[in-house]
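Chain by chain, the residues run as shown.
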Amino acid sequence: MNQILKYPLSTEKSVKLMESENKIIFIVDKKASKNEIKTAFEEMFKVKIINVNTSIQKGLKKAYIKLPQDTPAIDIATKLGIM
């Protein structure tokens, strides 16, 4: 990937969020800001995103990336090979 977006999360919860809320979850660099995460994601996938929420658990920073309705999160997950 790149220095900011490390890898996508493919857990049961993340798949449920993709289907119900059109969100995709990435493990990101701990020092990355929400704006840096947004810019990196938009450049990588050529997609506009609505917003980014982050949380830190067990030493990992997760970014919950909300996509617009016209861009299904499952399509991006399929490109990444996690669906």
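Coordinates for the structure precede this section.
Residues numbered from 1 in each chain as written. Predicted model: local features only at pLDDT ≥ 70, side-chain atom pairs only at ≥ 80, totals over all residues. Heavy atoms only, no water.

Trainee: Is there a simple way to explain the overall build of the protein in this structure?
Mentor: A tally of helices and strands in the protein yields 3 helices and 4 strands. Along the protein, helices and strands appear, N-terminal first, in the series β-α-β-α-β-β-α. Structurally, the protein occupies a C-alpha span of about 30 × 25 × 20 Å along its principal axes. In the protein, of all internal contacts separated by at least 6 residues, the share reaching a separation of at least 24 is 55%. Both charge centroids of the protein, one from 15 positive and one from 9 negative side chains, sit 7 Å from each other. (Helix = DSSP H or I, 4+ residues; strand = E, 2+ residues; numbered from the N terminus. Contact = heavy atoms within 4.5 Å. Lys, Arg positive; Asp, Glu negative; His and termini not counted. Charge placed at Lys NZ, Arg CZ, Asp CG, Glu CD.)

Trainee: Sorry, what's going on with the pattern of salt bridges here?
Mentor: A pair can form between side chains of opposite charge whenever their charged atoms are brought close. In the structure shown here, the tally under the stated rule is 2 salt bridges. The residue Glu21 makes a salt bridge to Lys23 at a minimum N-O spacing of 3.3 Å. When its relative accessible area of 34% is taken as the criterion, Glu21 is described as partly exposed. On the basis of relative accessibility, which here comes to 15%, the residue Lys23 falls in the buried class. (Salt bridge = Lys/Arg side-chain N within 4 Å of Asp/Glu carboxyl O. Buried < 20%, exposed > 50% of the residue type's maximum accessible area, 1.4 Å probe, protein only.)

Trainee: Got a minute to help me understand the sheet that holds strand β1 (residues 5–8) in this structure?
Mentor: Note on sheets: strands pair through backbone hydrogen bonds, and any given pair is parallel or antiparallel. If you trace the 4 strands from one edge of the open sheet to the other, you get β1-β2-β4-β3, paired in antiparallel fashion. The open sheet terminates on both sides in strands that have one partner only, identified here as β1 and β3 (51–57). Each strand axis lies, on average, 35 degrees off the axis of its neighbour in the sheet, ignoring direction. Pairing geometry for β1 and strand β2 (residues 23–28), over 3 bridges, is antiparallel. (Pairing = 2+ DSSP bridges. Axes fitted to C-alpha atoms, helices over the stretch in contact; angles between N-to-C directions.)

Trainee: Which parts of the structure should I look at to understand unusual backbone geometry?
Mentor: The general pattern is negative phi for most residues beyond glycine and trans for most peptide bonds. Phi at Asn22 is positive, roughly 55 degrees, even though this residue is not glycine. Mapped onto the secondary structure, Asn22 falls in the loop between α1 (12–21) and β2. Its relative accessible area of 8% is what places Asn22 among the buried residues. If you check the backbone angles, Lys58 has positive phi at about 50 degrees while not being a glycine. Mapped onto the elements, Lys58 comes out in the loop between β3 and β4 (60–66).

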